[in-house]
Amino acid sequence: MSKTVLIVDDSTSLRQVVSMTLKSQGFEVLEGCDGKDALTKLDGRKISLIVSDLNMPNMDGLTFVREVKKMAAYKFVPIIMLTTESDDKLKSEGQAAGLKAWMVKPFKPEQMIAAVNKLVA
Amino acid sequence: MKKHNNKNSAQAFGLLQMALVAGAVVVLVGGAVFTGSAAVFGIGAIALAMMTMAIHQVGEAKQDVLTQEISSLRVAVADLTRKSDDQGELDKLADMWVPTLNNQLTTANSQMEMGIVKLAEAFSEIHSKLNDTVNVASGAAEVLGNTSGGGGGLADTVAESLNGMLSSIRNSFDEKATIMQEVKGFISSTEELAKMAASVETLAARTNLLALNAAIEAARAGEDGRGFSIVADEVRKLSMLSAETGLKIRERVMQIANAAKRAGEGAARMESSDERVLTQASETLHGVVAQFEQVTVPLHQASEQIITNTNQVSSSLNSAVVHFQFQDRVSQILGHVQESLNQMKGQLGTGVDALNVATLMHELERKYTMAEERVNHGHQSKDAPAAKSASTSDDLTFF
């Protein structure tokens, strides 16, 4: 059975590119346009991994991560932050919030695939 | 304020002069009227002239003051008019120009996003078809197998199967030859059987002759030979039966021998044609395999070429995936520009004096999410990370 990844980003084209990359490896994909929208997708269905942007309207990435970690069904789902930010302070905040990885845009497909495969294994 | 005080003192001094002169005129005119003295009247006239001159001087001074005041007022009015014009222009800047720029930026961003989304959809379709092509080509290549002489290819498998079939045919021919050898042996056995059957007939004939002689002797013996005559008759019957049986055996054996002989002759004829058939089959098989290889080898090479080309295209597509992400970066930069324009609009709405470029620059810098923005800001702040290339990023940190 194929694994499902939730992609959270306010950029439609970015979600599309990540989706294309992951679908080529047999993953199924769910999309959320910001943190608030993504939380509605966590309705009990099985999610193997979450890839989230940091700067989004309505609910930013770090707040979204903290909310996910409060949900019993999803608190152990690995989360990758995919963002243009590379500041070490933000990375530390992300690690404290429970992130498993921090990836800076633009990403290479093989890099994304390797990271996802490592975290869902 | 100094100008105003000067104006006031000049006015006061002028008024005082006028008052003194007027007073002197009144006194002198009054004195001339009441005293009737021409001298007094002359003095009064002189005083009047002096008053007129004084008034004229005062007037001139006052005029000068007024002229100065008018000039000042004109400058102030011009200043106010200019300020009013400037404020009007600033209002237009805030109410017309900034919103128009915002709209243009929003439209540009929206059109770019729509274009990139469509392009990404098309690329996704291409990527998917490429994956399908690779899978099909890989499957075909696997089926066709290695044609570089290492064995295991489809042609080799087919040749192996055909050779196996040829071998089976050869084995069946060999078995047939063995059977024919058995048949030949059978034929020689039937010949012996025929001889044995002939011997039985001969034996039966002699036995019959002996029985006949015995019957004759029994007849000669008269009454005493009656029993012997009966036995002789029975022996004659047995010998005749044996002769008949021997004949039948011989005839049957001859039939079998003839049939076996004919089978042996047929097998001998087939043996020579079997060898010819086997030779032809072997030649045909090799020809078929060679023709098959003429098809499978190019097919396998084509499959491998398809896989190589497809992998190269996939690699190019992967590079394109990196470049597709430029729209997200541009969108963020445009968003920050729009926010700053709106902040400027907010400041101008309060008044030109509220315009604070330092605040605008600080707020703009606070919103930055990329190293390139910080570099473009015109300086590197001490907390800004080093600039990174936007074409690729290898920054991946696991926690």
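What you see is a predicted model, and the numbers here were worked out from it, not measured in a lab. (Residues numbered from 1 in each chain as written. Chains lettered and ligands numbered in written order. Predicted model: local features only at pLDDT ≥ 70, side-chain atom pairs only at ≥ 80, totals over all residues.)

Chemist: With reference to specific residues and values, describe the overall build of chain B.
Modeler: For chain B, the count of helices and strands is seven helices and one strand. Start at the N end of chain B and walk to the C end: the helices and strands fall as α-α-α-α-α-α-α-β. Counting across all 399 residues of chain B, residues that qualify as buried make up 11%. Partitioning the intrachain contacts of chain B with sequence separation of at least 6 by distance along the chain shows that 73% fall at a separation of at least 24. (Helix = DSSP H or I, 4+ residues; strand = E, 2+ residues; numbered from the N terminus. Buried ≥ 20, exposed ≤ 12 C-beta atoms within 10 Å, placed from the backbone. Contact = placed C-beta atoms within 7 Å.)

Chemist: Could you give me a rundown of helix 1 (residues 12-23) of chain A, with the residues and numbers involved?
Modeler: Residues and elements named next belong to chain A. The first and last C-alpha atoms of helix 1 sit 16 Å apart over 12 residues, in line with the 16 Å expected at 1.5 Å per residue. Judged by how many residues are buried, helix 1 sits mostly within the fold: 10 of 12 residues are covered. Looking at helix 1, one finds that the buried residues are Ser13, Leu14, Arg15, Gln16, Val17, Val18, Ser19, Met20, Thr21 and Leu22. (Expected span 1.5 Å × (residues − 1).)

Chemist: Explain unusual backbone geometry to me, using residue names and the numbers behind them.
Modeler: A negative phi angle is the norm for most residues apart from glycine, just as the trans form is the norm for most peptide bonds. Residues and elements named next belong to chain A. Following Lys105, the chain continues to Pro106 via a peptide bond in cis, the omega torsion being 0 degrees. Its location among the elements puts Pro106 in the loop between strand 5 (101-104) and helix 5 (109-120). Backbone geometry places Asn58, a non-glycine residue, at a positive phi of 65 degrees. Here Asn58 is to be found in the loop between strand 3 (49-52) and helix 3 (61-69).

Chemist: Before we move on, could you go through the packing of helix 1 of chain A against helix 5 of chain A and cite the residues and values that matter?
Modeler: Axes are the key here: two packed helices are described by the angle between their axes and the distance separating the axes. All names here are of chain A. At a minimum axis distance of 10 Å, the contact between helix 1 and helix 5 shows a crossing angle of 65 degrees. Handedness of the helix 1/helix 5 crossing: right-handed. Residues Val18, Thr21 and Leu22 of helix 1 pack against Pro109, Met112, Ile113 and Val116 of helix 5. Looking at the contact of helix 1 with helix 5 residue by residue, the class counts come to six nonpolar, one polar and no charged. (Axes fitted to C-alpha atoms, helices over the stretch in contact; angles between N-to-C directions. Left-handed = near helix turned anticlockwise from the far one by under 90°. Nonpolar A, V, L, I, M, F, W, Y, C, P; charged D, E, K, R; others polar.)

Chemist: Please give an account of the confidence of the model for chain B that cites residues and values.
Modeler: Averaged over every residue, the pLDDT of chain B is 79; the share at 70 or more is 85%. Confidence over residues 384-393 of chain B falls short of pLDDT 50; this stretch has 20 contacts with residues more than four positions distant or in other chains. (pLDDT = per-residue confidence, 0-100.)

Chemist: Which residues make up the confidence of the model for chain A, and what values go with them?
Modeler: Scored by pLDDT, chain A comes out at a mean of 94, with 100% of its residues at no less than 70. Looking over chain A, one finds the lowest element-wise mean pLDDT in helix 1 of chain A, namely 92, and the highest in strand 3 of chain A, namely 98.

Chemist: Kindly report on the nonpolar core, identifying the contributing residues and their values.
Modeler: Grouped together as the largest cluster of nonpolar side chains are 36 residues, with contacts concentrated most on Ile50, Val51, Ile80 and Met103 of chain A. The element best represented in this core is helix 1 of chain A, accounting for five residues. Other than its neighbours up to four places away in sequence, Met103 of chain A contacts Ile80, Met81, Leu82 and Ala115 of chain A together with Leu396 of chain B. (Core = buried A, V, L, I, M, F, W, Y, C linked by C-beta atoms within 7 Å.)

Chemist: Before we move on, can you summarise the packing of helix 3 (residues 154-220) of chain B against helix 4 (residues 226-324) of chain B with the specific residues and values?
Modeler: Residues and elements named next belong to chain B. Relative to each other, helix 3 and helix 4 sit at 165 degrees, their axes nearing to 6 Å. In this view, helix 3 runs roughly antiparallel relative to helix 4, as classed from their interaxial angle. The chirality of how helix 3 crosses helix 4 is left-handed. Taken together, the residues of the contact of helix 3 with helix 4 break down into 46 nonpolar, 10 polar and 12 charged. (Parallel < 35°, antiparallel > 145°, perpendicular 65-115°, else oblique.)

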